[in-house]
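# Results of the structural survey
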Amino acid sequence: MPETERTNLEPISENDVAFLSEFYGSSINTKFIPAPSGSISELVKKRIDHWDKYGFGTYIVKSKGTGCRIGYIGIEYIGTSMDADIRYGLVSEVWGKGLGLEVAKECLRLAISEFSLKKVWAATIPENIASFRILQSIGMNPDPEFKHYGNEVVGYSYDVRK
């Protein structure tokens, strides 16, 4: 199981529906991320299906100190494209403690070294300054070629071929 200094990363499962329902039910947690379309159960099923089909996907982030779920992070293909992006969200109680950077760094490492992805994308809205800093800190650069999620996001990429 992947881990960081302060977290364990576990592949998403049906046991995570209640946590994600609570997570997405919080307007604070979702201040900078879109609400999922459909039910949380459908979202979890899609995430599990991605794991089954591609061998990588979304992890639930758990605190090593408490064992509590504190968020999610993952690498998934965007829609029907073969563009993979990093997506993450953490409960507001852990914001500002460096955990976003810690898990994003591990997720990018997994994408490249374990899942052999050559290019990894990420997106954030302009108001999410913390995400900009995280993406830049893990070596991602703004990429105007990112064409997903509409014009309201800024795309970043990390390309191992450059």
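Predicted, not measured: the structure shown is a model, and the values here were computed from it.

The rules behind the values
- Residues numbered from 1 in each chain as written.
- Predicted model: local features only at pLDDT ≥ 70, side-chain atom pairs only at ≥ 80, totals over all residues.
- Heavy atoms only, no water.
- Buried < 20%, exposed > 50% of the residue type's maximum accessible area, 1.4 Å probe, protein only.
- Helix = DSSP H or I, 4+ residues; strand = E, 2+ residues; numbered from the N terminus.
- Pairing = 2+ DSSP bridges.
- Salt bridge = Lys/Arg side-chain N within 4 Å of Asp/Glu carboxyl O.
- Axes fitted to C-alpha atoms, helices over the stretch in contact; angles between N-to-C directions.
- Parallel < 35°, antiparallel > 145°, perpendicular 65-115°, else oblique.
- Left-handed = near helix turned anticlockwise from the far one by under 90°.
- Contact = heavy atoms within 4.5 Å.

## Details of the pairing of strand β3 (residues 69-77)
In terms of burial, β3 is largely enclosed, as eight of its nine residues are buried. Hairpin connection from strand β2 (residues 58-63) to β3: five residues lie between these consecutive antiparallel strands, with Gly67 at a positive phi of about 80°. Looking at chain direction, β3 and strand β4 (residues 84-90) are connected through seven bridges and run antiparallel. Counted as the bridge partner of Tyr72 is Gly89 from β4. Between β3 and β4, which pair antiparallel and follow one another directly, the connecting turn spans six residues, one of which, Gly79, has a positive phi of 55°.

## Here we look at the pattern of salt bridges
Tallied over the entire structure, the rule returns 12 salt bridges. Arg87 serves as the salt-bridge partner of Asp85, at 2.8 Å between the closest nitrogen and oxygen. As far as the burial class goes, Asp85 and Arg87 line up, both buried. Across the pair Arg109 and Glu114 runs a salt bridge whose closest N-O atoms are separated by 3.7 Å. Take Arg109: its relative accessible area is 39%, and that puts it in the partly exposed class. One network of salt bridges, with partners in common, ties together Arg47, Glu76, Asp85 and Arg87.

## Describing the packing of helix α1 (residues 17-24) against helix α2 (residues 40-54)
Geometrically, a packed helix pair is captured by the angle between its two axes and the distance between the axes. With their axes 9 Å apart at the nearest point, α1 and α2 run at an angle of 120° to one another. In terms of axis orientation, α1 runs oblique to α2. α1 and α2 meet at a crossing whose hand is right-handed. Here Val17, Leu20, Ser21 and Tyr24 of α1 come into contact with α2, specifically with Ile40, Ser41, Leu43 and Val44.

## Looking at the sheet that holds β3
Within a beta sheet, neighbouring strands are joined by backbone hydrogen bonds and run either parallel or antiparallel to one another. What the seven strands build is an open sheet, ordered β1-β2-β3-β4-β5-β7-β6; its pairing is mixed. Looking along the sheet, the strands with just one partner apiece sit at the ends: β1 (7-11) and β6 (141-142). Across six bridges, the pairing between strand β5 (residues 119-124) and strand β7 (residues 154-159) is antiparallel. By the bridge assignment, Ala123 is partnered in β7 with Gly155. Contacting β2, β3 and β4, α1 crosses the sheet at an angle of about 95° to β3. Along the sheet, helix α3 (residues 99-114) makes contact with β1, β2, β3, β4, β5 and β7, crossing β3 at roughly 30°.

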